[in-house]
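Examining the three-dimensional arrangement
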Amino acid sequence: MPTHVLRFWESEFKKIKPLRTPSGQRLYRRKDVELILEIKHCLYEKKFTIEGARRYLKQEKQTATDSGPIDPMSLLAEIRRELSEIRDILDSDPLG
């Protein structure tokens, strides 16, 4: 990714906040790189405009937070229930 593109995206997407070294070099954290890759996907592959990518990322963030935290016990219970249903299907007599 050309540096001028990254600088432009930093100005357009306020969530991209690389750390700075004392000499002024930018240090991109993992979350910055993941966001940059997501922006690249939106702009280059999905052909969104900058504003469209902003809206898409905002909507995606809201969707992720709306679902709330995942309870490991309920997730485990759901997996067990689904596996039990699969086992019942496999155990059933295919000829009726």
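Summarised in this report is the structure supplied together with it. Treat the numbers as computed from the prediction; the structure is a model and nothing was measured.

Moving on, we get to the nonpolar core. Grouped together as the largest cluster of nonpolar side chains are 12 residues: V5, L6, W9, F13, I16, L35, I36, I39, C42, L43, A53 and L57. Contributing elements (two or more residues each) for this core: α1 (3–12), α2 (30–45) and α3 (50–66). Broken down by element, this core gets its largest block of residues, five residues, from α2. If we ignore the near neighbours within four places in the chain, the residues touching L35 are K15, I16 and L57.

What follows is about the layout of surface pockets. The computed volume of the largest pocket comes to approximately 320 Å³. Lining the largest pocket are E12, F13, K14, K15, L35, E38, R54, L57, K58, E60 and K61. Those elements that place two or more of their residues in the lining of the largest pocket are α2 and α3. If one sorts the elements of the lining of the largest pocket by residue count, α3 sits on top with five residues.

Moving on to the packing of aromatic side chains. Counting across every chain of the model gives two aromatic pairs. Look at W9 and Y44: their rings are 6.2 Å apart centre to centre, the planes differ by 45°, and that puts the pair in the tilted class. Of this pair, W9 sits in helix α1 while Y44 sits in helix α2, and the two are 35 residues apart along the sequence. A relative accessible area of 44% means that Y44 is categorised as partly exposed.

Taken as a whole, this structure holds nine salt bridges when the rule is applied. A salt bridge links E51 to R55; the shortest N-O distance between them is 3.8 Å. Of this pair, E51 and R55 both sit in helix α3, four residues apart, which is roughly one turn of that helix. Accessibility expressed as a relative area gives 37% for E51, which makes it partly exposed. Of the charged contacts in the structure, one is a salt bridge between E78 and R81, with a shortest N-O distance of 2.5 Å. Of the two residues, E78 and R81 are both situated in helix α4 (residues 72–91); the distance of three residues between them amounts to about one turn of the helix. When its relative accessible area of 32% is taken as the criterion, E78 is described as partly exposed. Through salt bridges with shared partners, a single ionic network connects E12, E51, R54 and R55.

Residues K15, K17, K31 and K61 make up a contiguous surface patch of positive charge. Mapping K61 onto the fold places it in helix α3.

About the thresholds
Residues numbered from 1 in each chain as written. Predicted model: local features only at pLDDT ≥ 70, side-chain atom pairs only at ≥ 80, totals over all residues. Heavy atoms only, no water. Core = buried A, V, L, I, M, F, W, Y, C linked by side-chain atoms within 4.5 Å. Buried < 20%, exposed > 50% of the residue type's maximum accessible area, 1.4 Å probe, protein only. Helix = DSSP H or I, 4+ residues; strand = E, 2+ residues; numbered from the N terminus. Contact = heavy atoms within 4.5 Å. 1 Å grid on protein atoms, 1.4 Å probe; cavity = no way out; pocket = protein on both sides within 12 Å on 5 of 7 lines; lining within 4 Å. Points joined across faces, edges and corners; volume = space filled by probe spheres on them. Phe/Tyr/Trp six-rings, centres within 6.5 Å; stacked < 30°, edge-to-face > 60°. Salt bridge = Lys/Arg side-chain N within 4 Å of Asp/Glu carboxyl O. Patch = residues over 30% accessible without salt bridge, like charges linked within 9 Å, V, L, I, M, F, W, Y side chains within 5 Å. Areas by Shrake-Rupley, 256 points an atom, 1.4 Å probe, with all protein chains shown as cover. Lys, Arg positive; Asp, Glu negative; His and termini not counted. Charge placed at Lys NZ, Arg CZ, Asp CG, Glu CD.

Coordinates in, geometry out; function isn't part of it.
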